[in-house]
Amino acid sequence: MDRAMFRTRITSLVLLVALFSAALARAQDGALQPAGEPEFGVVALQPGFAPDPLRVPALVGGGKIDAVHRQLGQDCAGFVSETPDLRVSLSGDLPLLRLIFIADAVTVDTTLVVHAPDGTYRCGNNTNGLFNPMISVYDAPPGDYAVWIGGFTPEGPVYGDLYLTANASAFPGSTGLIIPVATRSEERRVGKECRSRW
């Protein structure tokens, strides 16, 4: 075997090992499954829904998939699960669909990831200097919105409430949203151990 053929085979082998390693790493890391069964079910919304904001209480988010490395878009951060935490099913067009997550404790930093009906991802991290994430979908089309709640500790659960609103004046820190207190997280954790995925 001459040197040129030997180099070609070595190069091919190195490339094959690199491709296999990358595929194995992706398989171990997992991928988001927007069509997967949501942990906390489906919320059906129609234009003009009430109350607004609509509170979806007692959610648990977090997971092992690092949203930063998923290349989902701007502000994508935190660790999320493979399947959505919640699905929002919108029956008609809305000029604005806003999602806000308020953690049970003010010191808990959380994130949001949303997969829209058009196949795009939108992400939210800190909003208005607070740890509460917010995502605004303008001219929101009807369809399913898969929602993930993220935290900054791999596989560490985060607790709180999701708010859905069509009102542009509702945002983290506004008077229409409940302000968490430090003890709510512990109170909820006891009641939700059987529902937690960990």
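How each quantity is defined
Residues numbered from 1 in each chain as written. Predicted model: local features only at pLDDT ≥ 70, side-chain atom pairs only at ≥ 80, totals over all residues. Heavy atoms only, no water. Helix = DSSP H or I, 4+ residues; strand = E, 2+ residues; numbered from the N terminus. Buried < 20%, exposed > 50% of the residue type's maximum accessible area, 1.4 Å probe, protein only. Areas by Shrake-Rupley, 256 points an atom, 1.4 Å probe, with all protein chains shown as cover. Pairing = 2+ DSSP bridges. Axes fitted to C-alpha atoms, helices over the stretch in contact; angles between N-to-C directions. Disulfide = S-S within 2.5 Å. Salt bridge = Lys/Arg side-chain N within 4 Å of Asp/Glu carboxyl O. pLDDT = per-residue confidence, 0-100. Contact = heavy atoms within 4.5 Å. Core = buried A, V, L, I, M, F, W, Y, C linked by side-chain atoms within 4.5 Å.

(A) How the structure looks around the overall build of the protein chain. Looking only at helices and strands, one finds two helices and 11 strands in the protein chain. Counting every position in the protein chain, which comprises 198 residues, the buried fraction comes to 43%. Here the protein chain has roughly 10,400 Å² of accessible surface; of this, 57% comes from carbon and sulfur atoms.

(B) Structural detail: the sheet that holds strand β2 (residues 54-61). Taken together, the four strands give an open sheet; going across it, the order is β2-β11-β6-β9, and neighbouring strands pair in antiparallel fashion. The sheet terminates laterally at β2 and β9 (134-140), the two strands that pair on one side only. Each strand axis lies, on average, 20 degrees off the axis of its neighbour in the sheet, ignoring direction. Both β2 and strand β11 (residues 158-165) contribute to a ladder of six bridges, which runs antiparallel. Each residue of the ladder has a partner; that of V56, found in β11, is L162.

(C) Here's a closer look at the state of the cysteines. For the structure shown, the criterion picks out one disulfide. The partner cysteine of C76 in its disulfide is C123, sulfur to sulfur 1.7 Å. Around the S-S axis, the bridge from C76 to C123 shows a dihedral of about 70 degrees and counts as right-handed. In this pair, C76 sits in the loop between β3 (65-66) and β4 (79-80) while C123 sits in strand β8 (residues 121-124), placing the two residues 47 residues apart along the sequence. Classification of C76 as buried rests on a relative accessible area of 10%.

(D) Fine view of the pattern of salt bridges. Across all of its chains, the model carries two salt bridges by this definition. Between R55 and D161 there is a salt bridge whose closest N-O contact spans 3.0 Å. Here R55, found in strand β2, pairs with D161, found in strand β11; they are 106 residues apart in sequence, far enough to count as distant. When its relative accessible area of 36% is taken as the criterion, R55 is described as partly exposed. Between R122 and D118 there is a salt bridge; the shortest N-O distance is 3.9 Å. Looking at R122, the relative accessible area reads 27%, which means it is partly exposed.

(E) Up close: the confidence of the model for the protein chain. This prediction gives the protein chain a mean pLDDT of 81; 73% of its residues lie at or above 70. Low pLDDT, under 50, characterises residues 17-28; the predicted model gives this stretch zero contacts beyond four residues in sequence or across chains. Contacts for the low-pLDDT stretch residues 181-198, under 50 throughout, to residues beyond four places or in other chains number 35 contacts.

(F) How the structure looks around the nonpolar core. If you look at the biggest cluster of nonpolar residues, it comprises 28 residues, and the most contacted ones within it are L99, Y145 and L162. Of all the elements in the fold, those that place two or more residues in this core are β1 (42-45), β2, β5 (86-90), β6 (94-103), β7 (110-115), β9, β10 (143-151) and β11. If you tally residues by element for this core, the top one is β6, at five residues. With residues near it in sequence (within four places) discarded, L99 still touches L112, V114, P133, M134, I135, V147, L162, Y163 and L164. By size, the runner-up hydrophobic cluster in this structure holds 10 residues, among which are I65, C76, C123 and W148.

(G) Layout of the environment of Q46. Inspection of the secondary structure assignment puts Q46 in the loop between β1 and β2. With a relative accessible area of 52%, Q46 lands in the exposed category.

(H) Looking closely at unusual backbone geometry. With omega at -5 degrees, the peptide bond leading from A50 into P51 counts as cis. Here P51 shows up in the loop between β1 and β2. The omega torsion of the bond from D52 to P53 falls at 10 degrees, within 30 degrees of zero and hence cis. Mapped onto the secondary structure, P53 falls in the loop between β1 and β2.

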